Amino acid sequence: MNEFDLVVLNEDVTNSRLKAGDIGTILTVYAEGKAYEVEFVTLTGETVAVETLLPHQIREVRASEVMAVRDTAVR
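A brief look at the structure comes next. A quick note: this is a predicted structure, and the numbers were derived from the prediction, not measured. (Residues numbered from 1 in each chain as written. Predicted model: local features only at pLDDT ≥ 70, side-chain atom pairs only at ≥ 80, totals over all residues. Heavy atoms only, no water.)

So, about the pairing of strand 1 (residues 6–9). In terms of strand pairing, strand 1 meets strand 2 (residues 23–30) through three bridges, oriented antiparallel. Counted as the bridge partner of L6 is T25 from strand 2. Direction of pairing for strand 1 relative to strand 5 (residues 58–60): antiparallel, over a ladder of three bridges. Bridging from a neighbouring strand, V8 pairs with R59 of strand 5. (Pairing = 2+ DSSP bridges. Helix = DSSP H or I, 4+ residues; strand = E, 2+ residues; numbered from the N terminus.)

Listed below in structure tokens is the structure:
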């Protein structure tokens with residue numbers, strides 16, 4: 001996975017509004033892929049979270065997938 005790739009979150013992030021299935025963009029790749037800084041935004045471009053994640057916490061987007069919507073204000 002490389003900078004600016006879209007990725008899917010594999011698990012909920014503790015103490016965050018992020019849930020498994022959320023889509024983010026890789027901002028930084030650390031130590032040749034040992035960790036990734038990923039930004040998650042609303043559909044209008046407002047940042048929800050920027051998290052440093054390990055490879056097992058994210059995966060590449062598949063060509064057969066479609067985006068879905070959920071409200072981050074609802075818990």
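Moving on to the environment of K34. Here K34 shows up in the loop between strand 2 and strand 3 (35–41). Residue K34 is classed as exposed on the basis of its relative accessible area, which comes to 61%. The sequence separation of K34 and H56 amounts to 22 residues, and the corresponding C-alpha distance is 9.8 Å. (Buried < 20%, exposed > 50% of the residue type's maximum accessible area, 1.4 Å probe, protein only.)

Turning our eyes to something else, we now look at the pattern of salt bridges. Applying the stated criterion to the full structure yields three salt bridges. Its salt-bridge partner being D22, residue R70 comes within 2.6 Å of it at the nearest N-O pair. One end of the pair, R70, is in the segment after strand 5; the other, D22, is in the loop between strand 1 and strand 2, and 48 residues separate them in sequence. Notably, a salt bridge pairs R59 with E65, separated by 2.5 Å at the nearest N-O pair. Beyond isolated ion pairs, a larger network of salt bridges with shared partners links R59, R62 and E65. (Salt bridge = Lys/Arg side-chain N within 4 Å of Asp/Glu carboxyl O.)

A general tendency of soluble globular proteins is for nonpolar side chains to be buried together. Residues V7, L9, V13, L18, I26, Y36, V38, F40, V48, A49, L53 and I58 constitute the largest nonpolar core, which totals twelve residues. Counting residues per element, the ones that place at least two in this core are strand 1, strand 3 and strand 4 (47–53). In this structure, I26 is in contact with M1, N2, E3, F4, D5, V7, Y36, E37 and V38, ignoring residues within four places of it in sequence. (Core = buried A, V, L, I, M, F, W, Y, C linked by side-chain atoms within 4.5 Å. Contact = heavy atoms within 4.5 Å.)

Let us now look at unusual backbone geometry. Unusually for a residue other than glycine, F4 sits at a positive phi of about 75 degrees. If you trace the backbone, F4 turns up in the segment before strand 1. With phi around 45 degrees, A31 is a residue other than glycine that occupies positive phi space. Tracing the sequence through the fold places A31 in the loop between strand 2 and strand 3. The exposure class assigned to A31 is exposed, which follows from its relative accessible area of 54%.

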